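Notes for the structure review
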Amino acid sequence: SNSSDDSASATTLSTTTVATSTATNSTLTSTWTATNTTSTTKSTTTISTWTSSITATSTLTNSTTTTTSISTRTSSTNSTTSTSSLTTFTVSTTASVTTSISSSVTTTSSVSSTLTMRTSTATNVTSTATTTSISTTTVFVPACSSLQIECFQNDYDTAGNIDSVVRTCRDSSVGCDVSCDATWEVKCTDTTGHSYCEMSSVGCPATCGVGQKYCYGKTYNEAGSIIGRSTTCANETAQCGCDAQWEDTCTEDGYSYCVHKVTGCPPTCSSAEQVCYMHAFNSLGYIDWSQPANQSCHPLNGSCPCNSVHQQLCVTNYGSWCQTLAEGSCPLSCSASQRQCVTTSYTADGMVNVTHPFTESCAALSESCPCASQWERKCTDSQGDSWCQLASNPCPLDCGSNGTCFDYSTGSQTCATAQGCTCKSDQKTCVEYGLNVCYTGVTSCPVICDSPSLPMLCNTYGYDSSGSLTYTEQCVAPTADFMCPVRCNATTAKQCGSGADAYCIPQAESCPVVCNPTEREVFVDIYNAGGQITGSNRTCLAPGASISCGDHAVVCTIPDGEQYCQPQAMGCPLFCNESTHKTCEPLSFTTSGDIDSSVAASSSCVNKSLACPCGRNARRCQVVDEYGFADEYCIPQTQS
């Protein structure tokens, strides 16, 4: 409190906290009310900061749902003898709540509230009081013991909808207490004697006895709307009844059924009549399917009446119907002596009109369909069939049984004669299947195998002077599998292999060696005097035979018996018996401790129990690792 003059001042700041808890079967409600009051007397007082906190504890078992509501009420009284200036500040209030109902489970919920107060600064008397009420409701589900059973009860809102389900625990020997909601439920009992609650709109199902049958119907509210289903019993020989207030009983083909009075029973038409439906329409001109249709009987060989405002009668060769005008007009219908034609529509620049691409029309059966005269032409073949095509494309030539000759260089067409096409001076005349065929820009005619004795067209392969593969076509006699045999030009090529593995190679080359089943195929490298590979030979070896490596190589054999060629200067590597010996390659050093490469390497096989020897000016060292394995190596004699 700060005073702005020398007058005596008195300021009172008080906080009142009230916490109350109310517990019911499944709901605990705790309410905290904080009343904060300030008052000033005679002097000027300004409050800038005020913080108040409320804490209460309680315990709750099996908490499942927590809801919090906060309400604030503020009142002010100001003196009218002086001018007031306003100061706004914030008061924060936090409530932490733990509620105890059972000792088994403890849950804690917290709520917080922020209050805004407006305090006046004035001379004489000013008082401001703010009351905040925080209410927390916690709904919990009890935990049932092994000797208890769970019982459920519906809780309804004011409209009769299930708002929540309350679960309680009952002793197993007693069972659940079936207490139904008096407003929204009825108590029912099943055939075993057990009771349960059912919604009043549904009602209890019937339990029919011997000689009775179940009848299933509907229940209605006071406005005639269906609100549920009902089950009743009737004698097996009797008909199930209908709701007298809202339903009519209809009979059809000896069977009766119930319909709503608004819909009514359909008319009973004779075998020479049909049932017609007159629908109601909405303001947009479409059928209102929510309204029942009026039914009436009309002659079977006639049409049903249409709505004079919203429909038109459509009649085609396939029948008649009422077309809704809002969905378009009737489609075109041609008579039995007419054909239905579809003509392509074009825009002013000759493009297909994608918005309305086709126009329908009827034409006499003795006439052809019309074409778009500005952009199309009508073509007719020798059979009398007509069609439309773009005017920019000429109609194809119809030569009847003689066939048509096409000049692909110019796009022109002519009719063939009995001998075939008539070729121009710059064309090659070839005979194919007994008729003349014209070719442009060729010097020879293609091979046509039209002889029954030589029906297969096959290739003969050869090679030109540059070694490129060439082929010529030739007619040959048929083979058993209708596969062309491999044919090589005797002058430029030779055949290797046979049967399906046959192929042609240039005459100057040699066919690769082909080993027989008892021989093995090997590739032998060829070396020159400098130890370089100059090529390899593919050869066949008889069992047990050795390879031949030439003048500048030696034959080497590995432990598994395989042989290969190695340059003579390198010699063959040493192979030791790994089961008893190890390979040793000693190092030699100069007197200064460098490796002496002038000393030729000499490998040797040494018994595994012995150490490998060292070379000149060297001594042997051994190191044993942590696993007990020894490693031997040579170091210069001068090195320790």
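Refer to the structure above for everything that follows.
Let us look at the structure shown here. All values derive from a computational prediction rather than experimental measurement.

**With respect to the overall build of the protein chain**
Regarding its fold elements, the protein chain presents 0 helices and 40 strands. The buried share among the 640 residues of the protein chain stands at 22%. Contacts in the protein chain between residues far apart in sequence, at least 24 positions, make up 43% of those at least 6 positions apart. When the accessible area of the protein chain is evaluated, it comes to approximately 41,500 Å², of which 51% is carbon and sulfur surface.

**Comments concerning the sheet that holds strand 30 (residues 487-488)**
In spatial order, the strands read 29-28-30; together these 3 strands make up an open sheet with mixed pairing. What marks the edges here is a single partner per strand, and that holds for strand 29 (469-476) and strand 30.

**Topic: the pattern of salt bridges**
The final tally for this structure, using the stated rule, is 6 salt bridges. The salt bridge involving Lys261 is made with Asp248; its shortest N-O contact spans 2.8 Å. Note that Lys261 is positioned in the loop between strand 15 (255-260) and strand 16 (273-278) and Asp248 in strand 14 (residues 247-252), a separation of 13 residues in sequence. Owing to a relative accessible area of 24%, Asp248 belongs among the partly exposed residues under this scheme. Between Glu632 and Arg620 there is a salt bridge, with its nearest N and O atoms 3.9 Å apart.

**A closer look at the state of the cysteines**
Here a disulfide denotes a covalent bond joining the sulfur atom of one cysteine to the sulfur atom of another. Evaluation of the coordinates by the stated rule reveals 30 disulfides. Paired by a disulfide, Cys180 and Cys197 hold their sulfur atoms 2.1 Å apart. Here the disulfide of Cys180 and Cys197 is left-handed, its torsion about the S-S bond being about -95°. One end of the pair, Cys180, is in the loop between strand 9 (162-171) and strand 10 (185-189); the other, Cys197, is in strand 11 (residues 195-199), with 17 residues separating them in the sequence. Since its relative accessible area comes to 23%, Cys180 is described here as partly exposed. You can call Cys197 partly exposed: its relative accessible area is 29%. The residue that forms a disulfide with Cys341 is Cys369, at a sulfur-sulfur distance of 1.9 Å. Taking the torsion about the S-S bond as the criterion, the Cys341 to Cys369 disulfide, at about -75°, is left-handed. Pair noted here: Cys341 is in strand 20 (residues 338-344) and Cys369 is in the loop between strand 21 (358-364) and strand 22 (376-380), with a separation of 28 residues, a long-range link.

**Structural notes on the environment of Gly615**
Within the fold, Gly615 resides in the loop between strand 38 (604-607) and strand 39 (618-624). Exposure remark for Gly615: the relative accessible area of 24% places this residue in the partly exposed category. Ignoring any residue separated from it by four or fewer positions in sequence, one finds Gly615 in contact with Pro586, Leu587 and Ser588.

**What about the nonpolar core?**
Core analysis: the largest hydrophobic core is formed by 8 residues, namely Val522, Val524, Tyr527, Leu541, Ile547, Cys549, Ala553 and Cys565. In terms of residue count, the dominant contributor to this core is strand 33 (residues 520-527) (3 residues). Apart from residues no more than four positions distant in its own chain, Cys565 is found in contact with Val524, Asp525, Tyr527, Ile547, Ser548, Cys549, Ala553 and Val554.

**Topic: the environment of Thr251**
Structurally, Thr251 is set in strand 14. With relative accessibility at 56%, the residue Thr251 sits in the exposed group. On a C-alpha basis, the gap between Thr251 and Pro266 in space is 9.2 Å, while along the polypeptide they are 15 residues apart.

**Here's the deal with the side chain of Gln566**
Within the secondary structure layout, Gln566 lies in strand 36 (residues 563-567). Look at Gln566 and you get buried, because its relative accessible area is 15%. Once residues within four sequence positions are removed from consideration, Gln566 is found in contact with Tyr527, His552, Ala553, Val554, Cys556 and Gly571.

**Brief notes about the packing of aromatic side chains**
Two measures describe an aromatic ring pair: the distance that separates the ring centres and the angle between the ring planes. For the structure shown, the criterion picks out 2 aromatic pairs. Judged by centre distance (6.4 Å) and plane angle (20°), the ring pair of Tyr214 and Tyr216 falls under stacked. We classify Tyr216 as exposed; its relative accessible area is 67%. Each ring, one from Tyr220 and one from Trp246, has its centre 6.4 Å from the other, and the planes form 35°; the classification is tilted. Of this pair, Tyr220 sits in strand 12 (residues 212-220) while Trp246 sits in the loop between strand 13 (226-235) and strand 14, placing them 26 residues apart in sequence. Trp246 shares its class with Tyr220; the two are buried.

So, how was this worked out
- Residues numbered from 1 in each chain as written.
- Predicted model: local features only at pLDDT ≥ 70, side-chain atom pairs only at ≥ 80, totals over all residues.
- Heavy atoms only, no water.
- Helix = DSSP H or I, 4+ residues; strand = E, 2+ residues; numbered from the N terminus.
- Buried < 20%, exposed > 50% of the residue type's maximum accessible area, 1.4 Å probe, protein only.
- Contact = heavy atoms within 4.5 Å.
- Areas by Shrake-Rupley, 256 points an atom, 1.4 Å probe, with all protein chains shown as cover.
- Pairing = 2+ DSSP bridges.
- Salt bridge = Lys/Arg side-chain N within 4 Å of Asp/Glu carboxyl O.
- Disulfide = S-S within 2.5 Å.
- Core = buried A, V, L, I, M, F, W, Y, C linked by side-chain atoms within 4.5 Å.
- Phe/Tyr/Trp six-rings, centres within 6.5 Å; stacked < 30°, edge-to-face > 60°.

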